[in-house]
Amino acid sequence: MSKNWINKKLPEFVRDILRDFCLISCKLEKEFAAYDQHGRMNFAFFNYLVGEEMSKGPLWRLKDMAHILSKHERKAPLLAQLIDWSLGYIFHESMKLKEDAYQQEYYRPWFKEIRQKDLMEVEIRGIVDELYQVLKQTSESILREIKRIRFLQFHLRHLFLLYLPYQKDNELLARFLFAQSNLIEKVFKHSHSELLENIYGDDLSMLYFMAARSLRKGGWFKEAKKAVEIGLKISPDHKDGLQEAKIIAKELQKVLS
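Note that the coordinates shown come from a computational prediction; the quantities given were computed from them, not determined experimentally. In every chain, residue numbers begin from 1 and rise along the written sequence. Only residues with pLDDT of at least 70 get local features here, since the model is predicted, and only at 80 or more are side-chain atom pairs given and counted; chain-wide, interface and lining totals rely on the full set of residues. Remark: hydrogens and water are excluded; side-chain values derive from all non-hydrogen atoms of the structure.

## Observations concerning the overall build of the chain
And then number 1: Counting from the N terminus, the helices are the DSSP runs of H or I reaching at least four residues and the strands are the DSSP runs of E reaching at least two. Looking only at helices and strands, the chain features 12 helices and two strands.
And then number 2: For this measure, only C-alpha atoms enter the radius of gyration; the expected value for a globule follows 2.2 Å times N^0.38, where N is the number of residues. Taking 2.2 N^0.38 as the reference for a compact globule, 257 residues should give roughly 18 Å; the C-alpha atoms of the chain span a radius of gyration of 24 Å, well beyond that estimate.
And then number 3: C-alpha extents for the chain along the principal axes are approximately 85 × 35 × 35 Å.
And then number 4: By the convention used here, residues are in contact when the closest approach between their heavy atoms is within 4.5 Å. Across the chain, contacts joining residues at least 24 apart in sequence account for 71% of those joining residues at least 6 apart.

## Side note on the environment of Glu105
And then number 1: By secondary structure assignment, the location of Glu105 is in helix α4 (residues 77-115).
And then number 2: Aside from chain neighbours lying at most four places away, what touches Glu105 is Met41, Asn42 and Phe43.

## A word on the packing of aromatic side chains
And then number 1: The aromatic pairing rule takes the rings of Phe, Tyr and Trp, using the six-membered ring of Trp, and pairs them if the centres are within 6.5 Å, calling planes under 30 degrees apart stacked, those over 60 edge-to-face and the rest tilted. The full count for this structure, using the stated rule, is 13 aromatic pairs.
And then number 2: Seen in terms of ring centroids, Tyr102 and Tyr106 are 4.8 Å apart; in terms of plane orientation they differ by 35°. Their pairing is tilted. Remark: Tyr106 and Tyr102 occur in helix α4; sequence separation between them is four residues, near one turn of the helix.
And then number 3: The partly exposed category is assigned to Tyr102, whose relative accessible area is 30%.
And then number 4: Three exposure classes are used, based on accessible area relative to the maximum for each residue type with a 1.4 Å probe and protein chains only: buried under 20%, partly exposed in between, and exposed over 50%. Under the relative-accessibility criterion, Tyr106 is labelled partly exposed at 45%.
And then number 5: Considering the side-chain rings of Phe178 and Tyr208, the 6.0 Å spacing of their centres and the 85° angle between planes classify their relative orientation as edge-to-face. Of the two residues, Phe178 sits in helix α7 (residues 171-179) while Tyr208 sits in helix α10 (residues 205-217), which places them 30 residues apart along the sequence.
And then number 6: Grouped by ring-pair contacts, the aromatic residues Phe43, Tyr102, Tyr106, Tyr107, Trp110, Phe111 and Tyr132 constitute a single cluster.
And then number 7: Taking NZ or CZ as reference, Lys63 lies 5.0 Å from the ring centre of Phe91, over its face. The criterion for a charge sitting over a ring is simple: Lys NZ or Arg CZ within 6 Å of the ring centre, and within 35 degrees of the ring normal.

## Quick notes on the nonpolar core
And then number 1: Among the nonpolar cores identified, the biggest contains 73 residues, and Leu18, Leu28, Met41, Leu164 and Leu177 are the most heavily contacted of them.
And then number 2: Per-element accounting of this core gives the leading share, 13 residues, to helix α1 (residues 3-38).
And then number 3: The contact partners of Met41, leaving out residues within four places of it in the chain, are Phe32, Tyr35, Phe46, Leu97, Ala101, Gln104, Glu105, Ile142 and Ile146.
And then number 4: Nonpolar cores were defined as sets of buried Ala, Val, Leu, Ile, Met, Phe, Trp, Tyr and Cys residues, with membership established by side-chain atoms within 4.5 Å. The next biggest cluster of nonpolar side chains, apart from the first, holds six residues, and it includes Phe111, Ile114, Val128 and Tyr132.

## Quick notes on the environment of Leu242
And then number 1: Residue position: Leu242 is located in helix α12 (residues 239-256).
And then number 2: Once the C-alpha coordinates of Leu242 and His92 are considered, the two residues, 150 residues apart in sequence, prove to be 48 Å apart.
And then number 3: Non-local contacts of Leu242, meaning those with residues more than four positions away in its chain, are made with Leu232, Pro236 and Asp237.

## Observations concerning the pattern of salt bridges
And then number 1: A pair is scored as a salt bridge if a Lys or Arg side-chain nitrogen falls within 4 Å of a carboxyl oxygen belonging to Asp or Glu. Under the criterion given, the structure shown has 16 salt bridges.
And then number 2: Of the charged contacts, one joins Arg213 and Glu171 as a salt bridge, the two residues approaching to 3.1 Å between their closest N and O atoms. In this pair, Arg213 sits in helix α10 while Glu171 sits in helix α7, placing the two residues 42 residues apart along the sequence. The burial state of Arg213 is the same as that of Glu171; both residues are buried.

## Quick look at the packing of α7 against helix α8 (residues 181-188)
And then number 1: Here α7 crosses α8 at 85°, and the two axes come no closer than 5 Å. Taken together, the axis directions place α7 and α8 in an arrangement best described as roughly perpendicular. Across the interface between the two elements, Phe176, Leu177, Phe178 and Ala179 of α7 pack against Ser181, Leu183 and Ile184 of α8.
And then number 2: Looking at the contact of α7 with α8 residue by residue, the class counts come to six nonpolar, one polar and no charged. In this description, a line fitted to the C-alpha atoms serves as the axis of each element, helices being fitted only across the stretch in contact, and the angle between N-to-C directions of two axes falls anywhere from 0 to 180 degrees. Each angle receives one of four descriptions, namely roughly parallel if under 35 degrees, roughly antiparallel if over 145, roughly perpendicular if within 65 to 115, and oblique otherwise. Gly falls in the polar group here, along with every residue not listed as nonpolar (Ala, Val, Leu, Ile, Met, Phe, Trp, Tyr, Cys, Pro) or charged (Asp, Glu, Lys, Arg).

## Some remarks on the side chain of His238
And then number 1: Structurally, the position occupied by His238 is in the loop between α11 (221-234) and α12.
And then number 2: Taking the relative accessible area as the measure of exposure, His238 reaches 15% and is therefore buried.
And then number 3: The term polar contact refers here to a pair of N or O atoms within 3.5 Å; inside protein, the definition further demands a hydrogen-donor-capable atom paired with an acceptor-capable atom, and it admits residues adjacent in sequence only when both atoms are side-chain atoms. Engagement of the side chain of His238 in a polar contact is seen with the backbone nitrogen of Asp240, the distance being 3.2 Å.
And then number 4: Apart from the residues within four sequence positions on either side, His238 is in contact with Asp203, Ser205, Met206, Phe209 and Leu232.

## What to know about helix α3 (residues 58-72)
And then number 1: Expected helix span is computed as 1.5 Å times (number of residues minus one). Taking 1.5 Å as the rise per residue, α3 with 15 residues should run 21 Å; its terminal C-alpha atoms sit 21 Å apart, in good agreement.
And then number 2: The element α3 is extensively covered by neighbouring structure, given that 11 of its 15 residues are classed as buried.
And then number 3: Along α3, the residues that are buried comprise Pro58, Leu59, Trp60, Leu62, Lys63, Met65, Ala66, Ile68, Leu69, Ser70 and His72.
And then number 4: Residues of α3 that are buried in the fold lie against α1, α2 (43-50), β1 (51-52), β2 (55-56), α4 and α6 (138-163).

Don't take any of this as a statement about function, it's just geometry.
See the structure below:
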């Protein structure tokens, strides 16, 4: 990948990193909630999430995107590097969870089965019992790994609050914030409004006007019309919004005629 190509793609990387962070956060929290309730970690989920070198999972791809961003971000390099490091650490903790889940799912039942055998020699039974204690410790490891990931997710949300204001001119970001507002709110919770205020300041309508522009460029005219109308409800006399509304109206007329 050439440097010029990456620089042109940075707005997409930013949008994709935020999107995938939100999607993965929701999936992780669902798995953690299930573990809190049932005490079982799902190996298949972490196998899918992490993947392998030749078939990378969504968390692996997110880690790689964040690393590219950290190498090319010029507006806020330290924040990009901290996001990169935090996502990388979540990846490594998830790798541990994948292995721990594998041990629990496939070897715990086997150990329980052989420990129930009555004809086992005393010396062998002693070894089996000792080895089983190691397997039982994976539950403690899982709890530590979940705690670390939740801790990192909390600080990543804060890092995005600080970093994304440097992306206030990113139309793809605005389009995502508009189109996936429910997802953003689910992840950022009470910080959702703060996130938007940090990015767009006193001119929140620009979120909707930029989203409308991006949607219109992509040929999504009805969605663009909806976005610009929301923006004009906030700022009825906004020059950019009125101009975008005119352009969208012309495009819709062409489609209908």
